Amino acid sequence: MHVVVIGGGVVGVTTAQALVARGHRVTVIERCADVGLETSRANAGQRSYGYVSPWASPTMVRKALPWLLQADGPFKLHLPPSLRTLRFLFATWRFAQASDRYERNKRAMLRLGAYSRQCFQALEVRHDLAFDGAHGGLIDLASDASAAAGLKATTGLLSELDIDHQWLSPEQLREHEPGLAGEAPLVGALRLPDDGTGDCHRFTRALADCCRDAGVTFRCGTEVTDLVRRDGVIHSLVLAPAGDGGKGGTGKATETLEADAVVMCAGCLSRPLAASLGIEVPIYPVKGYSLTADVADPSRAPRSTVIDDRYKVVATRLGDRLRVTGFVELADFDRRIPAARLATLRRAVESRFPGAADLVQAEPWTGFRPMTPDGPPVIGQLRRDNLYFNTGHGTFGWTLSAGSAELIAQLVDGETPALALDAFAPGRFLR
């Protein structure tokens, strides 16, 4: 079977690998010049299998307005907001009110995280991939009693799902992270020892090379301009050279590529592609920022992933580099990088790991997480046809990619998926 995967980010490439491993002929269409150049380019670097949770949480909604009013707050909103932004915010608010749905979604995402961890381990055994990968765990800091109580409230579900976790005192915490010597207050932390790290961009490129060796064709610098249906299924895709930032244009030479099945892994661009088929997939580009710098003093740098609860900034060790990420910003596709955002990232890291890296000389980046209004990604089929969705992973694309890829491969082969997909169903937004 010839399967066309639309999108060459980490989700698309892991999907291609899962399909070619089952004997399918696979073509990946990517509008950028190479794989892994959009959301996968410089994300947080954390594979947070035990930390995944839905975007639309009652807690997040309660905190959103106070965060907006803080100069260093982690939530930002471009003013005036666009109509699309307002619709996304309203949908998020509506989903967050259904606390029972939030709990179901969180359980489903944690199960997918655990499954993805198994799939990642299998990938690392099967392929020799160099991506600064490690398995040092994730640590979520608590700077006061309220933050500590919030973290401890999550441990019941972790225990129920048999996800290993530990509560650390400040003394125990510094045994795991001796570089944690800043003056910021600290009362404890939740540690998830099975979580991992790694450079998502390097992983995506390394896995793409393995896919090429196995026969996968990559069409980079190419975009899908149309999906042609015949007798209720997608018969072919119309392709054109990407240009104008991937927006397409008139007068381009096009070609037609026939397909037996199509997997939508296009991140934020899945929405307009699905809309061309009359399918609503309400994915919004949630903007984030990162800084990447060489480690100046290894003894002062984090050993793995550390989340600061005050700034909601993540510091991740990637070999001899430090990746710092933060902010949830609703600004549509605005790619500008305000200096104030980078200053906040630097301040947050210095408050915890002073002298770890020269962040003034760090490489800045901004990208867009493809977020659904409720939070779980979109995995599966809307109809009994040959179109499959594997998109909308939000902040957890790197974490969930290996697991969701295997689930799609199982569906393409007509197998019962390893996990129930109700929480991830493409049709859930039509209810």
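Residues numbered from 1 in each chain as written. Predicted model: local features only at pLDDT ≥ 70, side-chain atom pairs only at ≥ 80, totals over all residues. Heavy atoms only, no water.

Right, let's talk about the nonpolar core for a bit. Membership of the largest hydrophobic core comes to 65 residues, with the highest contact counts inside it found for Leu19, Val26, Leu112, Phe203, Val216, Phe218 and Val263. In terms of residues, this core owes the most to one element, helix α11 (residues 397-412), which gives nine residues. Excluding residues that lie within four positions of it along the chain, Val26 makes contacts with His2, Val3, Val5, Ala16, Leu19, Val20, Gly215, Val216 and Thr217. Within the second largest apolar cluster, 36 residues are counted, among which are Trp55, Val224, Leu239 and Ile283. (Core = buried A, V, L, I, M, F, W, Y, C linked by side-chain atoms within 4.5 Å. Buried < 20%, exposed > 50% of the residue type's maximum accessible area, 1.4 Å probe, protein only. Helix = DSSP H or I, 4+ residues; strand = E, 2+ residues; numbered from the N terminus. Contact = heavy atoms within 4.5 Å.)

Below, the discussion takes up the pairing of strand β13 (residues 261-264). The side-chain alternation of β13 yields two buried faces, one formed by Ala261 and Val263 and the other by Val262 and Met264. Sheet topology places strand β1 (residues 2-6) next to β13; four bridges connect them, and they run parallel. Note that in β13 the partner of Val3 across the bridge is Ala261. Pairing geometry for β13 and strand β20 (residues 387-391), over three bridges, is parallel. When the bridges of β20 are listed, Met264 appears paired with Phe389. (Pairing = 2+ DSSP bridges.)

A few words on a nonpolar patch on the surface. Taken together, the side chains of Leu65, Leu68 and Leu69 make up a nonpolar region of the molecular surface, amounting to roughly 320 Å² of accessible area. Tracing the sequence through the fold places Leu69 in helix α2 (residues 58-69). Leu69 gets classed as exposed once you look at its relative accessible area, which sits at 70%. (Patch = residues over 30% accessible without salt bridge, like charges linked within 9 Å, V, L, I, M, F, W, Y side chains within 5 Å. Areas by Shrake-Rupley, 256 points an atom, 1.4 Å probe, with all protein chains shown as cover. Salt bridge = Lys/Arg side-chain N within 4 Å of Asp/Glu carboxyl O.)

Its place among the elements puts Ala296 in the loop between β14 (284-294) and β15 (305-308). By relative accessible area, which is 56% here, Ala296 ends up exposed. In this structure, Ala296 is in contact with Gly355, Ala356, Ala357 and Asp358, ignoring residues within four places of it in sequence.

What follows is about unusual backbone geometry. With omega at -5 degrees, the peptide bond leading from Leu79 into Pro80 counts as cis. When you line up the elements, Pro80 lands in the loop between β4 (75-77) and α3 (83-97). Although it is not a glycine, Asp231 sits at a positive phi angle of roughly 55 degrees. Tracing the sequence through the fold places Asp231 in the loop between β10 (222-230) and β11 (233-241). On the basis of relative accessibility, which here comes to 77%, the residue Asp231 falls in the exposed class.

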